[in-house]
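# Examining the three-dimensional arrangement
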Amino acid sequence: MANLKGLLKDTAIYGLSSIVGRFLNYLLVPLYTHYMPKDSGDYGISTNVYAYTALILVLLTFGMETTLFRFANQEAPADLAGEGRRWPDRVFSTAFATVGTLTLVFVGLLFGFITPISQALGYADHPDYLLMMGAVVALDALQALPFSYLRFQKRPIRFASLKLLFIVLNIGLNVFYFVILGKTSVYYVFLINLLCTAFITLFFLPDLLHVQWNFDGRLLRRMLSYSWPILILGIAGILNQVADKIVFPLVYPDKAQANVELGIYGSCVKIAMIMALITQAFRYAYEPIVFAKNKDADKTEYYAAAMKYFLVFTLLAFLCVVGWMPLLQLIIGADYREGIRVVPIVMTAEIMMGIYFNLSFWYKLIDKTIYGAWFSLIGCAVLFAVNILFIPKYGYMACAWGGVAGYGTAMLLSYFVGQRKNPIPYDLGDMGIYVLAAAVLFVAMQFIPNEWPSVLQLAANTLLIIAFAALILLKDFRGIINKLYKRK
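### Some remarks on the overall build of the protein
When helices and strands are tallied, the protein shows 21 helices and 0 strands. Taken over 488 residues, the protein has a buried fraction of 53%. For the protein, the share of sequence-separated contacts (at least 6 apart) that also reach a separation of at least 24 residues comes to 82%. Total accessible area on the protein stands at roughly 21,800 Å², and carbon and sulfur atoms take up 68% of it.

Have a look at this one:
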């Protein structure tokens, strides 16, 4: 129970930085969708370029974030011990040197071959977009391991502070450029991101100076044998998130309209990203704990409980977003709201991704990360197939359903294989009840007439959300309720 309380506390802190930060980022969505006309396609360009940068970031970090946790939580092997350096620092410095080398190679290739690269990606007239975002992703890669080391050191306050500082600076500069100066091109979106990322990088210099640097080539070979399947897993995982935004302009039949449609989809997906926030906050807190917990006798019960409560609260969040959609849709400009119907579908895919993340620890803990690579690659192949086959006919709706198909495939594969290789007693009965209840309430929300005033729609949906929250309290927190009642 103490570990679960620690998990909840750290999730709250990490979640605060993610949720508040992402909420503040939502303020940029109405800003962009108001100042960037839908027909300009600028928001679609932003969506497309950010998809490429997300993929490149995974390549540059090379699975070293998870590898850092795995090796730093171990005792130094006998043949590598006794070299006068703290073991976690040696693991960190070896990982950081690897990521730094890959980043330097990437920057050199990008700047050396920018003309053919920009032509191949459809940005021949704007190579500056790619150069700026290339610099951003390089700095993000250099920040990734210091941020992970803060999580390993259990320093969530500093982690959250730096994340929030970036968001505040980013929003402030966007408001200054877009509203005050009237600079509404997507060029300034990329420029502001570069300035803010460079500024945050400076804050890591004191931390890096306190590290006892000691690159270890023998350790690196062991780390690479662990990390390369995670790299494949990461590539497949990020493609599951961004492949639709990369593929869409390439296969949509009307090339002139592609960025416009992608802009509609990209803006509406921002609402669904509330689910990604919860998953990300949970991951930041859970990943360091789960490796440390692997030494305890009650680890399987802990993992099962964490899975159950993750599912319960993501389902509650799902119902909140769907139920309060009449209000949340105001986040995006009126011209972009025609794509709002993708939100429940994308959130369903995000829940599946979160479940898959929870399931993934069985192969990480037994050093069989190759399983994760295969599961993610198969899921990614399903997603690509759905997008390529159905985008020409169904547009961005195919993107939304492709995510469900891809994540659902990976989730099911990981569960069934995992229960054979390293079984965990998940409470499928209780989880099934919660899924069924959420599905019934979601359907009920769809029957509330659109002709009703928004206030009445919100009130009716809120009652349904309260019903689900009451189910959670009665099923799993009855003891707490009884204690509160007795105090009265």
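### A few points about the pattern of salt bridges
Counting across every chain of the model gives 6 salt bridges. Residue D207 pairs with R158 through a salt bridge whose shortest N-O separation is 2.6 Å. You can see D207 sitting in helix α10 (residues 205-210) and its partner R158 sitting in helix α8 (residues 156-180), a full 49 residues away along the chain. Between K475 and D430 there is a salt bridge whose closest N-O contact spans 3.1 Å. Of this pair, K475 sits in helix α20 (residues 454-476) while D430 is found in helix α19 (residues 428-446), placing the two residues 45 residues apart along the sequence. Several salt bridges share partner residues, and in doing so they unite K308, D427, D430 and K475 into one network.

### Focus on the side chain of K308
With respect to the helices and strands, the residue K308 is situated in helix α13 (residues 299-323). With relative accessibility at 8%, the residue K308 sits in the buried group. Residues within four places of K308 in sequence aside, it is in contact with D427, D430, M431, Y434 and D476.

### Quick look at the packing of α8 against helix α9 (residues 186-202)
Contact geometry for α8 and α9: axes closest at 9 Å, N-to-C directions at 145°. Helix-helix and strand crossings are classified by hand; for α8 and α9 the assignment is right-handed. On α9, the residues that touch L162, L165, F166, L169, N170, L173, N174, Y177 and F178 of α8 are Y188, V189, L191, I192, N193, C196, T197, F199 and I200. Looking at the contact of α8 with α9, its residues break down into 14 nonpolar, 4 polar and no charged.

### Structural notes on the packing of aromatic side chains
Using the criterion set out here, one finds 23 aromatic pairs in the structure. Both rings, one in F92 and one in F96, keep their centres 5.7 Å apart while their planes meet at 25°; by these two values the pair is stacked. On the criterion of helical spacing, the pair formed by F92 and F96 is a turn pair, its members being 4 residues apart in helix α5 (residues 87-112). Both residues of the pair, F92 and F96, belong to the buried class. With centroids separated by 6.0 Å and ring planes inclined at 70°, the aromatic side chains of Y434 and F468 adopt a geometry described as edge-to-face. In this pair, Y434 sits in helix α19 while F468 sits in helix α20, placing the two residues 34 residues apart along the sequence. The exposure class of Y434 is buried, given its relative accessible area of 0%. Exposure remark for F468: the relative accessible area of 0% places this residue in the buried category. Of the aromatic side chains, those joined through ring pairs into one cluster are Y32, Y35, Y43, F178 and Y336. Here the basic side chain of K163 rests over the ring of F147, its NZ or CZ set 4.1 Å away from the ring centre.

### Structural notes on the packing of helix α15 (residues 343-359) against helix α18 (residues 396-421)
Two elements in contact, α15 and α18, have axes whose closest approach is 8 Å; the angle formed by their N-to-C orientations is 20°. In terms of their interaxial angle, α15 and α18 are classed as roughly parallel. α18 is crossed by α15, and the crossing has left-handed handedness. Residues I345, V346, T348, A349, M352, M353, I355, Y356 and L359 of α15 form the contact with α18, whose participating residues are M397, A400, W401, G403, V404, Y407, G408, A410, M411, S414 and Y415. Across the contact of α15 with α18, the residue classes break down as 16 nonpolar, 4 polar and no charged.

Thresholds, definitions, all that
Residues numbered from 1 in each chain as written. Predicted model: local features only at pLDDT ≥ 70, side-chain atom pairs only at ≥ 80, totals over all residues. Heavy atoms only, no water. Helix = DSSP H or I, 4+ residues; strand = E, 2+ residues; numbered from the N terminus. Buried < 20%, exposed > 50% of the residue type's maximum accessible area, 1.4 Å probe, protein only. Contact = heavy atoms within 4.5 Å. Areas by Shrake-Rupley, 256 points an atom, 1.4 Å probe, with all protein chains shown as cover. Salt bridge = Lys/Arg side-chain N within 4 Å of Asp/Glu carboxyl O. Axes fitted to C-alpha atoms, helices over the stretch in contact; angles between N-to-C directions. Left-handed = near helix turned anticlockwise from the far one by under 90°. Nonpolar A, V, L, I, M, F, W, Y, C, P; charged D, E, K, R; others polar. Phe/Tyr/Trp six-rings, centres within 6.5 Å; stacked < 30°, edge-to-face > 60°. Lys NZ or Arg CZ within 6 Å of the ring centre and 35° of its normal. Parallel < 35°, antiparallel > 145°, perpendicular 65-115°, else oblique.

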